[in-house]
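Residues per chain, in single letters:
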Amino acid sequence: MTLSLSPPSSVPFLSPHKHPLPFRLKTHAVALQTSLDPPVSLTSSNSKKTGVIVIGAGLAGLAAAKRLHSENIPFLLLEASDDVGGRVRTDLVDGFLLDRGFQIFITAYPEAQRLLNYEALNLRKFYSGALVYFDGKFYTVADPIRHFSDSIKSLSNPIGSVLDKLLIGLTRIQVLGKSDEEILSGRESNEVPTLEFLKQSGFSDSIIDRFFRPFFGGIFFDKELQTTSKLFNFIFKCLALGDNTLPATGISAIPKQLADNLPSDSIFLNSKVVSINFNGLGSPEVFLENGDTVKSELGVILAVEQPEVRKILAGKVAVEPVEAKPARSTVCLYFSADPDKIPVKDPVLFLNGSGRGIVNNMFFATNVAETYGPPNKALASVSLIGLFEDVSDDDLTGRVVQELSGWFKESMVKSWKHLRTYRIRYAQPDQSPPTNLMKNPRLGPGLYMCGDHQTSATFDGALVSGRKAVEALLRDMALSKV
Ligand SMILES: Cc1cc2nc3c(=O)[nH]c(=O)nc-3n(C[C@H](O)[C@H](O)[C@H](O)COP(=O)(O)OP(=O)(O)OC[C@H]3O[C@@H](n4cnc5c(N)ncnc54)[C@H](O)[C@@H]3O)c2cc1C
């Protein structure tokens, strides 16, 4: 069976974030060029131009598609699920916006600055710092640049010594003095687990356990802080330069903005790819779960999660094996509350610095953006590190309520209503050393790979990887014309 795309006019086209319908590529022969005609404008001089197939509409696939579109290269974006965004999605539940796991958008992400319209995202800021729960009380850790007086007041609190707080300033100066490329490429001999880096930098066990472990452990879903120091330094730099924010309409506003700027008939939802046939000579064929086959004459960009890469390429494409380390997992529980039954009105992140319990961090999303809840309702978001597979949802909710009843007034927490629990097995790839955060996206002529496993496991890394995959494809195209 050969390529069988029906012309877009007859394809049940899926608007990415309206009403996704099942999509089926027709199996009778229709020329690829014809089928790809409308998604992008072809240059009139070469009517034989064919398209690129991008597999996966997470941030990486969307960034790749955006770059292809800017080059006027026709493409199709095939997404297995019912919407774009991949791991960056938001559900509307009883009037609440529930991001699929606790996610923060740091405005200083360099690639994001280039690709996204921040104003349209209507970003709402977190307090630059955190309230750390330790020894039965809350202590402030504040960014000295943005909240100077808070940081002065917190100098003598038990979340680290005065020296620790000065070292934070020094680390800030050090990372700001390096380019992103220097930080992320870093010679492997310089790369150590974050925990080791913090110890080498002179931080005390107190600040490591009470602040860095819950804060960066929550970002990397890695309480042991084994994630590479390259990633720590990159995030530390971005935090120093930008704000922690949430888009007013949920974290999914980020991928939706990217998708909105693509030709709407180029995105196909509910279109799961099962394998790729690649002979090393370009023009790979893509096989869909529904039995259809799609062919591209310019190339295929694989933009799926790391474990999916292996499944799609297994045995069919001679490529280097993808590194396999266990993934980082998280659980996020949401609760609704009456506004007078939450302890603060501030957009602040609470961290568990006590070394006990299962809660890592929590915050009240409606304090950051009131749009996260219906009128007169508050939304609490609680995050755990790991999957807690052996604990039922009910038991987990009970344990979280019990634990937070020790943090806040018991009568408050017990009045909250559980909304939903998200268990995210594959939250991020394991990025403990040795790492290569600048992997070559080219698997062969006509076959490229992107995704956060190619770069850094961040929104920014995913976006960068999508661009780089297209740049590799463009280089091959240019060479083939020589
Ligand atoms: C809970 C959570 C919190 C996070 N918090 C942050 C944060 O605060 N800041 C930050 O920078 N990063 C954060 N991250 C990491 C960030 O979300 C990811 O690094 C990034 O979104 C990965 O994008 P991606 O495009 O590489 O992969 P994905 O988003 O996983 O996209 C892959 C896409 O491929 C599709 N797909 C898979 N298989 C197939 C197939 N066979 N056929 C067709 N399509 C397929 C999937 O459905 C998916 O849409 C967080 C991640 C999680 C899960």
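Just so it is clear, the structure is predicted and the values come from calculations on it, not from any experiment.

Draft legend 1. Representation of the overall build of the protein. Helix and strand content of the protein: 16 helices and 21 strands. Within the protein, the proportion of its 482 residues that are buried is 48%. Look at the contacts in the protein between residues 6 or more apart in sequence, and 73% of them connect residues 24 or more apart.

Draft legend 2. Up close: the environment of Ser-185. Mapped onto the elements of the fold, Ser-185 is located in helix H7 (residues 180-185). Distance in space between the C-alpha atoms of Ser-185 and Thr-435 is 9.3 Å, their sequence separation being 250 residues.

Draft legend 3. Main features of the packing of helix H6 (residues 162-176) against helix H10 (residues 229-241). Close contact between H6 and H10 brings their axes to 9 Å; oriented N to C, the two are set at 100°. When the axes of H6 and H10 are compared, the pair comes out roughly perpendicular. Contact residues: H6 offers Thr-171, Arg-172, Val-175 and Leu-176, while H10 offers Asn-233, Phe-236, Lys-237 and Ala-240. Grouping the constituent residues of the contact of H6 with H10 by class yields four nonpolar, two polar and two charged.

Draft legend 4. Structural view of the pairing of strand E12 (residues 285-288). The alternating pattern of E12 places Val-286 and Leu-288 on a buried face and Glu-285 and Phe-287 on a face that is not buried. Two elements, strand E11 (residues 273-277) and E12, share four bridges in a ladder whose sense is antiparallel. Within the sheet, the bridge partner assigned to Val-273 lies in E12 and is Leu-288. A loop of four residues connects E12 with strand E13 (residues 293-295), the two strands running antiparallel in sequence, and Gly-291 in this loop sits at a positive phi of about 95°.

Draft legend 5. View of helix H12 (residues 306-313). When H12 is considered as a whole, its buried residues turn out to be Gln-306, Val-309, Ile-312 and Leu-313. Burial along H12 is one-sided: seen end-on, the buried residues are contained in an arc of 115°. Residues of H12 that are exposed and point over 90 degrees away from its buried face: Arg-310 and Lys-311. Where H12 is buried, its residues contact E11, strand E14 (299-302) and strand E21 (447-449).

Draft legend 6. Molecular detail of the site of the ligand. Residues in contact with the ligand amount to 35 residues; listed here are only the nearest, Gly-56, Gly-58, Gly-86, Gly-101 and Thr-458. Among the secondary structure elements, those contributing two or more residues to the shell around the ligand are helix H2 (59-70), H12, strand E19 (417-428) and helix H16 (459-481). Taken together, domain 1 (32-86 + 253-324 + 435-481) and domain 2 (90-126 + 243-250 + 328-428) each give at least three residues to the shell around the ligand, which thus spans both.

Draft legend 7. Structural detail: H6. Counted at 1.5 Å a residue, the expected span for H6 with its 15 residues is 21 Å, and the 22 Å between its end C-alpha atoms agrees. Asp-164, Lys-165, Ile-168, Thr-171 and Val-175 are the residues of H6 that are buried. Across the axial projection of H6, the buried residues extend over an arc of 110°, all falling on one side. H6 presents Val-162, Leu-170 and Ile-173 as exposed residues on the side facing more than 90 degrees away from its buried surface. As for H6, its buried residues are in contact with H7, helix H9 (205-220) and H10.

Draft legend 8. Examining the sheet that holds E12 more closely. Strands sit in the order E11-E12-E13 across an open sheet of three strands; the sheet is antiparallel. Lying at the two open borders of the sheet, with one neighbouring strand each, are E11 and E13. For this sheet the average axis-to-axis angle between neighbouring strands, irrespective of direction, equals 25°.

Draft legend 9. Region of interest: the nonpolar core. One finds Ile-53, Val-54, Ile-55, Ala-64, Ile-301 and Ala-380 to be the most contacted residues of the largest nonpolar core, which totals 132 residues. Here this core gets eight residues from one element, more than from any other, and that element is H16. Apart from residues no more than four positions distant in its own chain, Ile-301 is found in contact with Val-52, Val-54, Ile-55, Ala-64, Tyr-448, Cys-450, Ala-469 and Leu-473.

Draft legend 10. Just the pairing of strand E7 (residues 129-134), in detail. Among the six residues that make up E7, six are buried, leaving the element largely enclosed by the rest of the structure. Summarising the sheet, E7 and strand E8 (residues 137-142) pair through six bridges and their orientation is antiparallel. The partner of Tyr-133 across the bridge, within E8, is Phe-138. Where E7 folds back on E8, the antiparallel hairpin that results is connected by two residues, among which Asp-135 adopts a positive phi of roughly 55°. Direction of pairing for E7 relative to strand E16 (residues 349-352): parallel, over a ladder of four bridges. Note on E16: the bridge partner recorded for Ala-130 is Leu-349.

Draft legend 11. How the structure looks around the environment of Leu-333. With respect to the element layout, Leu-333 can be found in strand E15 (residues 328-337). Sequence separation between Leu-333 and Tyr-422 is 89 residues, and the spatial gap between their C-alpha atoms is 6.3 Å.

Criteria and cut-off values
- Residues numbered from 1 in each chain as written.
- Predicted model: local features only at pLDDT ≥ 70, side-chain atom pairs only at ≥ 80, totals over all residues.
- Helix = DSSP H or I, 4+ residues; strand = E, 2+ residues; numbered from the N terminus.
- Buried ≥ 20, exposed ≤ 12 C-beta atoms within 10 Å, placed from the backbone.
- Contact = placed C-beta atoms within 7 Å.
- Axes fitted to C-alpha atoms, helices over the stretch in contact; angles between N-to-C directions.
- Parallel < 35°, antiparallel > 145°, perpendicular 65-115°, else oblique.
- Nonpolar A, V, L, I, M, F, W, Y, C, P; charged D, E, K, R; others polar.
- Pairing = 2+ DSSP bridges.
- Arc of directions from axis to C-beta.
- Near = placed C-beta within 6 Å.
- Domains from an automatic or database assignment.
- Expected span 1.5 Å × (residues − 1).
- Core = buried A, V, L, I, M, F, W, Y, C linked by C-beta atoms within 7 Å.

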